[in-house]
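Each chain, written out:
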Amino acid sequence: MKIIILTLFPEMFTALGASIMGRAQKAGKLEIEVVDIRSYTEDKHQKCDDYPFGGGAGMVMMAQPIGSAIEAVDPNHKARRIYLSPKGRRLDQEHVIALAEEETLVLLCGHYEGVDQRAIDLFIDEELSIGDYVLTGGELPAMVLTDCVARYIDGVLSPASLVDESFSDGLLEYPQYTRPVEYRGLTVPEVLRSGNHAEIDRWRHEQALALTRKHRPDLLK
Ligand code: 4HQ
């Protein structure tokens, strides 16, 4: 899978070279291309943002550099083009799994007060939000989307990691423990050390249900 990220702040994406994302790229399973929108501006001073028509606070990213950048990286519109914004449909695990089937994603990161609406109307397929809070830019949302989609590319994770996680059965994940058996007076629940796998499965399911009821009762409806 290829993910092309369009941003005014390419230096923010060094984080994707670490850990599982880094390993997936070195293994050739995931290709990430970070493109500086500024290199596509036709403005003599390299400007990529301007004051909003109608007035108001902050700056708006201009349509021209965005349009030229998107047409350069995806000239025949083969990719799914996504704009990260709190105005979009909220991302969930079901949609993540669907996006992982795409050959190529183009992720547009807005900064400041957002982008000229014509860039969205002309060049974007889908507007997605990672949650109901406001960030300074779409760069972290683009990294969030890249990370959760990459987990579903074949060979990036062990298949078991995709089965036993939060949401896979509609519940939050049960608590996990590792060595030592006792830490600061707290011990690992006896059942997990019993070797009785039917009992362990039952305990984990009860824990998952109780946690979901407490933190996310909406998931039970
Ligand atoms: N922003 N989910 C404003 C977000 C956001 C979110 C990105 C801040 C876009 C213009 N993006 N810019 N939440 O808060 O995706």
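Structure first, text after, so check above.
Residues numbered from 1 in each chain as written. Predicted model: local features only at pLDDT ≥ 70, side-chain atom pairs only at ≥ 80, totals over all residues. Heavy atoms only, no water.

Enquirer: What should I look at first to understand the overall build of the protein in this one?
Expert: When helices and strands are tallied, the protein shows seven helices and nine strands. Relative to a compact globule of 221 residues, whose C-alpha radius of gyration would be 17 Å, the protein shows 22 Å and is clearly more extended. Within the span of the protein, comprising 221 residues, buried residues form 39% of the whole. When contacts within the protein are restricted to residue pairs at least 6 apart in sequence, long-range pairs at least 24 apart make up 74% of them. Once the 24 positive and 35 negative side-chain charges of the protein are each reduced to a mean point, those two points are 5 Å apart. (Helix = DSSP H or I, 4+ residues; strand = E, 2+ residues; numbered from the N terminus. Rg over C-alpha atoms; globule rule 2.2 N^0.38 Å. Buried < 20%, exposed > 50% of the residue type's maximum accessible area, 1.4 Å probe, protein only. Contact = heavy atoms within 4.5 Å. Lys, Arg positive; Asp, Glu negative; His and termini not counted. Charge placed at Lys NZ, Arg CZ, Asp CG, Glu CD.)

Enquirer: I'm lost on the sheet that holds strand β6 (residues 104-109) in this one. Help?
Expert: Each strand in a sheet pairs with another by means of backbone hydrogen bonds, the pair being arranged parallel or else antiparallel. One open sheet accounts for five strands, arranged β2-β1-β6-β5-β7; its pairing is parallel. With partners counted over all chains shown, the strands left at the sheet margins are β2 (31-36) and β7 (126-129), one partner each. On average, each strand axis in the sheet is inclined to that of its neighbour by 30 degrees, with strand direction left out of account. In this structure, strand β1 (residues 2-7) lies alongside β2, joined through six bridges in parallel fashion. Paired with Ile4 across the strands is Glu33, a residue of β2. (Pairing = 2+ DSSP bridges. Axes fitted to C-alpha atoms, helices over the stretch in contact; angles between N-to-C directions.)

Enquirer: Would you mind showing me how to read the side chain of His95 here?
Expert: Tracing the backbone through its elements, the reader meets His95 in helix α3 (residues 93-99). The contacts of His95, once residues within four sequence positions are left out, are Arg89, Glu126 and Leu128.

Enquirer: How do you make sense of the site of the ligand when you look at a structure like this?
Expert: What surrounds the ligand is a group of 17 residues, the closest being Ser85, Ile130, Gly131, Tyr133 and Leu135. With respect to the ligand, the backbone of Ser85 contributes an N or O atom lying 3.3 Å from an oxygen atom. One of the backbone N or O atoms of Leu135 is found 2.9 Å from an oxygen atom in the ligand. Starting from 360 Å² of accessible surface for the ligand in isolation, the protein chains cover 95%. Listed by contribution, the elements that provide at least two residues to the shell around the ligand are β5 (80-90) and β7. Ranked by the residues each element gives to the shell around the ligand, the list is headed by β5, at four residues. In terms of residue class, the shell around the ligand is built from 10 nonpolar, seven polar and no charged. (Near = heavy atom within 4 Å. Polar contact = N/O pair within 3.5 Å; in protein donor to acceptor, adjacent residues only side chain to side chain. Areas by Shrake-Rupley, 256 points an atom, 1.4 Å probe, with all protein chains shown as cover. Nonpolar A, V, L, I, M, F, W, Y, C, P; charged D, E, K, R; others polar.)

Enquirer: I tried to follow the pattern of salt bridges on my own but got confused; where do I start?
Expert: Once their charged atoms are close, side chains differing in charge can pair, the charge on each being opposite to the other. Counted by the stated rule, this structure contains 11 salt bridges. Among the salt bridges present, the one from Asp74 reaches Arg81, with a minimum N-O distance of 2.8 Å. With respect to burial, Asp74 and Arg81 carry one shared label: buried. Across the pair Asp116 and Arg118 runs a salt bridge whose closest N-O atoms are separated by 2.6 Å. Sharing partners across several salt bridges, the network here consists of Lys2, Glu31 and Glu33. (Salt bridge = Lys/Arg side-chain N within 4 Å of Asp/Glu carboxyl O.)

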